[in-house]
Amino acid sequence: MRKEKLGKSDIYVSAMTVGCWPFGGGEYWGEQSQKDVDNVVHAALDAGVNTFDTAEMYNGGESERALGQALKGRRHEAVVISKISPSNCHRVRRHCEQSLRRLGTDYLDVYMLHWPINKLSVEHFTSDSSLIESPPTVEEAYAQLDELKKEGLIRSVGMSNFGRRQMEEVVRTGVQIDVNEMSYNIVSRAIEAEIAPYCMENSISIIGSMGLQQGLLAGRYKTPGDVPPHQAHSRHYPDFRGEGTSRHGEAGAEKELFEVVDRLREIAGTLHVHIAQLSIAWILKKPFMASTLVGSRNIDELKMNMEACTLTISGEVEALIDEISRPVLDILGNNPDYYEHSSKSRIF
């Protein structure tokens, strides 16, 4: 499994990052057995996949707890990433220590601010009006993160879902930033315009999230109506698909989206690979991608995803996929916030 240096740190991450959001079970993903979590984590480590991504908000902390249990006796083999919500940045130390307790470890390899600190982000994560009206400044939040790094509680400081101007603001604090975790896949390409070039210029690695667009690019759904409402609330779909869970109010790119999926099936068939493997291999072909985050709920899913991370596609296939997915990019534009109306993006 390919490994790449994370920013300016001494941490090396595998091409595949295991997305741990489903770990611990919960309303969004449904039940998840600890046995399956244990099996996935151990098999990943055995195969050279060393990177695991979780967050304090995933399943009310149960994701961190389940990952920590699975890593017992093997913590030293893993790169553990966790994230703090912007509404909790008044008390970074307290929330970091809570994550450490749930994970059963005395350090995090990477600690990220989950979303930029702005009114829309904080509103999304809290109902406390005092936090919405007076969120901490970027300088205050990252000074706390830097202090935790100096004390050895975290090894690397990162960010998640930060746009070009927001990254510039963080970089101006002088704190070393090694990674930005952003949504990136064949039908979510907004970071190509400004975010990826800035990261490459400033030695900030990118770990991509939503690699399979929650199953769409794994060929799981044949029609838009097959997609569960809580997974159809992004701007890819018309607002009504979310059945009350959507916030963006846009028309979506549904027709173009499923045309892409149909074409990907054809290409995958020609290459004798699974559509999910083709989708992941395309991501890792991009020079600005250090790793892609893929959920693996059981051994079978893990094996398929790991095989994809060792698959190499030609420049011609990459260019063809770029071309067939261009109509979706043209409609959704360069706004990397796929859940809010483009005029209200939390990422800029």
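Check the entry above for the structure.
Residues numbered from 1 in each chain as written. Predicted model: local features only at pLDDT ≥ 70, side-chain atom pairs only at ≥ 80, totals over all residues. Heavy atoms only, no water.

Draft legend 1. Layout of the overall build of the protein chain. Secondary structure assignment for the protein chain yields 12 helices and 10 strands. In terms of overall size, the protein chain behaves like a compact globule, its C-alpha atoms giving a radius of gyration of 19 Å where 348 residues would be expected to give roughly 20 Å. Considering only C-alpha atoms, the protein chain reaches an extent of 55 × 45 × 40 Å along its principal axes. Residues classed as buried in the protein chain amount to 58% of the 348 residues present. Put simply, of all contacts in the protein chain between residues at least 6 apart along the chain, 72% involve residues at least 24 apart. (Helix = DSSP H or I, 4+ residues; strand = E, 2+ residues; numbered from the N terminus. Rg over C-alpha atoms; globule rule 2.2 N^0.38 Å. Buried < 20%, exposed > 50% of the residue type's maximum accessible area, 1.4 Å probe, protein only. Contact = heavy atoms within 4.5 Å.)

Draft legend 2. Spotlight on the layout of surface pockets. Each pocket or cavity is described by its volume, and for the largest pocket that value is around 1300 Å³. If you trace the largest pocket, you find 50 residues lining it, with Trp21, Tyr28, Trp29, Met210 and Gln214 closest to the centre. Among the secondary structure elements, those contributing two or more residues to the lining of the largest pocket are α4 (119-125), β8 (179-183), β10 (289-295) and α11 (299-308). Within this model, the second largest pocket holds a volume of roughly 160 Å³. Looking at the lining of the second largest pocket residue by residue, the class counts come to 6 nonpolar, 2 polar and 3 charged. (1 Å grid on protein atoms, 1.4 Å probe; cavity = no way out; pocket = protein on both sides within 12 Å on 5 of 7 lines; lining within 4 Å. Points joined across faces, edges and corners; volume = space filled by probe spheres on them. Nonpolar A, V, L, I, M, F, W, Y, C, P; charged D, E, K, R; others polar.)

Draft legend 3. How the structure looks around the pairing of strand β3 (residues 16-19). The two faces of β3 match: Met16 and Val18 on one face and Thr17 and Gly19 on the other face are all buried. Where β3 and β10 come together, 4 bridges link them in parallel fashion. Opposite Met16, over in β10, you have Thr292 as the bridge partner. Relative to strand β4 (residues 51-53), β3 is paired through 3 bridges, and the arrangement is parallel. The residue of β4 that forms the bridge with Gly19 is Asp53. Handedness of the β3-helix α1 (residues 34-46)-β4 crossover: right-handed. (Pairing = 2+ DSSP bridges. Right-handed = clockwise from strand over helix to strand, strands pointing away.)

Draft legend 4. Region of the structure containing the side chain of Arg102. Considering the arrangement of structural elements, one finds Arg102 in helix α3 (residues 92-103). Judged by relative accessible area, Arg102 falls into the buried class, the value being 18%. Among the polar contacts made by the side chain of Arg102, one reaches the side chain of Glu64 at a distance of 2.6 Å. When neighbours within four sequence positions are excluded, Arg102 is seen to be in contact with Glu56, Gly61, Glu64 and Arg65. (Polar contact = N/O pair within 3.5 Å; in protein donor to acceptor, adjacent residues only side chain to side chain.)

Draft legend 5. The packing of α3 against helix α6 (residues 138-151), seen in detail. Following both chains from N to C, one finds α3 and α6 inclined at 50 degrees, their axes separated by 9 Å at the closest point. Taken together, the axis directions place α3 and α6 in an arrangement best described as oblique. Residue-level contacts link Val92, Arg93 and Cys96 of α3 to Ala141, Gln144, Leu145, Glu147, Leu148 and Glu151 of α6. Of the residues contributing to the contact of α3 with α6, the split by class is 5 nonpolar, 1 polar and 3 charged. (Axes fitted to C-alpha atoms, helices over the stretch in contact; angles between N-to-C directions. Parallel < 35°, antiparallel > 145°, perpendicular 65-115°, else oblique.)

Draft legend 6. Structural detail: the sheet that holds β4. With parallel pairing, 8 strands are arranged side by side around a closed barrel as β3-β4-β5-β6-β7-β8-β9-β10. In this sheet, neighbouring strand axes are inclined to one another by 30 degrees on average, regardless of whether the strands run parallel or antiparallel. Inspection of the sheet shows strand β9 (residues 205-209) paired to β10 by 3 bridges, in the parallel sense. For Ile207, the partnering residue across the bridge sits in β10 and is Ser291. Against the sheet, α3 engages β5 (79-84), β6 (108-113) and β7 (154-160), with an angle of about 135 degrees to β6.

Draft legend 7. Spatial organisation of the pattern of salt bridges. Going through the model one piece at a time under the given rule, you end up with 24 salt bridges. For Asp53, the salt bridge goes to Lys83, with nearest N and O atoms at 2.7 Å. Placement of the pair is Asp53 in strand β4 and Lys83 in strand β5, with a sequence separation of 30 residues. In terms of burial, Asp53 and Lys83 fall into one category: buried. Two residues, Lys286 and Glu318, come together in a salt bridge whose shortest N-O distance is 2.8 Å. With Lys286 in the loop between α10 (275-285) and β10 and Glu318 in helix α12 (residues 315-332), this residue pair connects regions lying 32 residues apart in the sequence. Of the two residues examined, Lys286 and Glu318, each falls in the buried class. Several salt bridges converge on common partners, so that one network encompasses Asp10, Arg75, Asp109 and Arg155. (Salt bridge = Lys/Arg side-chain N within 4 Å of Asp/Glu carboxyl O.)

Draft legend 8. Seen up close, the pairing of β7. For β7, the tally of buried residues reaches 6 of 7 residues, placing the bulk of the element in the interior. With 5 bridges joining them, β6 and β7 adopt parallel strand pairing. Its bridge partner lying in β7, Leu113 is registered against Met159. Inspection of the sheet shows β7 paired to β8 by 3 bridges, in the parallel sense. Looking at the pairing, Met159 lines up with Asn180 of β8. Assessed by its sense of winding, the connection that carries the chain from β7 through helix α7 (residues 164-171) to β8 is right-handed.

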